[in-house]
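One-letter residues, chain by chain:
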Amino acid sequence: MKTAIIIIADANANTDDTNGRAFNALSLALESKQQGDDTAIVFIGAGTRWPAALSNPIHPFFGLYNEVRDVVRGASCGCAAVFGATEGVEACDLPQLKDNAIPSTPGLASVRQFLADGYQTLVF
């Protein structure tokens, strides 16, 4: 199975809803990885704020994030710029994805490409 997990929930919101979305996205990624699925995590929109938060050892999801860090494909470059997350993404040494050329942006991560490549694509 091929699973693309797109995290768009805003880490800065710090609500039960946004934390629940990120937790369940990471949990699905771990389950998929453990089952041998081709798994990919991508951070887009305000979700580009998550990598910096999840890389903090005191974050409650730190351990879970580290279990799936190897399947993180990166964060949307243009989204990180818009949401002020570029520095955090760079500090985490994540690729900045820009394979979707959008005018007036440095480029965004292409969600469509996952669909075209046959991934079951879920947005959290």
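Let me begin by describing the structure that accompanies this report. Starting from 1, residues in each chain are numbered consecutively following that chain's sequence as written. Totals for whole chains, interfaces and linings use all residues, but because this is a predicted model, local features are given only for residues with pLDDT of at least 70 and pairs of side-chain atoms are given and counted only at 80 or more. Only hydrogens and water are set aside when side-chain values are computed; all heavy atoms of the structure are taken into account.

**Describing the sheet that holds strand 3 (residues 72-76)**
The criterion, for reference: Strands are treated as partners if at least two bridges between them are detected by DSSP. Helical segments are the DSSP runs of H or I of at least four residues, strand segments are the runs of E of at least two, and each set is numbered from the N terminus. What makes two residues a contact is simply this: any of their non-hydrogen atoms within 4.5 Å. In this analysis, axes come from line fits to C-alpha atoms, helices being fitted only over the stretch in contact, and the angle between any two N-to-C directions falls in the range 0 to 180 degrees.
What the five strands build is an open sheet, ordered 4-3-2-1-5; its pairing is parallel. Of all the strands in the sheet, the pair left with one neighbour each is strand 4 (96-97) and strand 5 (120-123). Judged from the six bridges that link them, strand 1 (residues 2-7) and strand 2 (residues 38-43) form a sheet pairing that is parallel. By the bridge assignment for strand 2, Ile-5 is matched with Ile-41. Against the sheet, helix 1 (residues 16-34) touches strand 1, strand 2 and strand 5, its axis set at about 160 degrees to strand 1.

**A word on the pairing of strand 1**
Under the convention used in this document: Think of it in three bands: with a 1.4 Å probe and only protein chains considered, a residue is buried below 20% of the maximum accessible area for its type, exposed above 50%, and partly exposed in between. Viewed with both strands pointing away, a crossover whose connecting path from the first strand over the helix to the second turns clockwise is right-handed.
By the criterion of burial, strand 1 is predominantly enclosed, with five of the six residues buried. Crossover connection from strand 1 via helix 1 to parallel strand 2: handedness right-handed. Across four bridges, strand 1 lies against strand 5 in parallel orientation. From the neighbouring strand, Thr-3 faces strand 5, where its bridge partner is Gln-120.

**Side note on the packing of aromatic side chains**
Rules: Stacked, edge-to-face and tilted labels apply to pairs of Phe, Tyr and Trp rings (six-membered ring for Trp) whose centres lie within 6.5 Å, assigned for plane angles under 30 degrees, over 60, and everything in between, in that order.
Applying the stated rule across the entire model yields four aromatic pairs. Centroid distance Phe-23 to Phe-61: 5.3 Å. Interplanar angle 45 degrees. Geometry classified as tilted. In this pair, Phe-23 sits in helix 1 while Phe-61 sits in the loop between helix 2 (50-54) and helix 3 (62-68), placing the two residues 38 residues apart along the sequence. For the pair Phe-114 and Tyr-119, a centre-to-centre distance of 5.1 Å together with 85 degrees between the ring planes defines the contact as edge-to-face.

**Remarks on the environment of Pro-51**
Position of Pro-51 among the secondary structure elements: in helix 2. C-alpha separation for the pair Pro-51 and Ala-81, spaced 30 residues apart in sequence, amounts to 14 Å. With sequence-adjacent residues up to four places away left out, Pro-51 is seen in contact with Phe-43, Tyr-65, Cys-92 and Leu-94.

**As for the pattern of salt bridges**
As a reminder, the rule being used: Whenever Lys or Arg places a side-chain nitrogen within 4 Å of a carboxyl oxygen from Asp or Glu, that contact is recorded as a salt bridge.
In total, this model carries four salt bridges according to the counting rule given. Here Lys-33 ties to Asp-70 by a salt bridge, and the two come within 2.8 Å at their closest N and O atoms. Here Lys-33, found in helix 1, pairs with Asp-70, found in the loop between helix 3 and strand 3; they are 37 residues apart in sequence, far enough to count as distant. Assessed through its relative accessible area of 57%, Asp-70 is described here as exposed.

Read these as layout, nothing more, since geometry by itself doesn't imply function.
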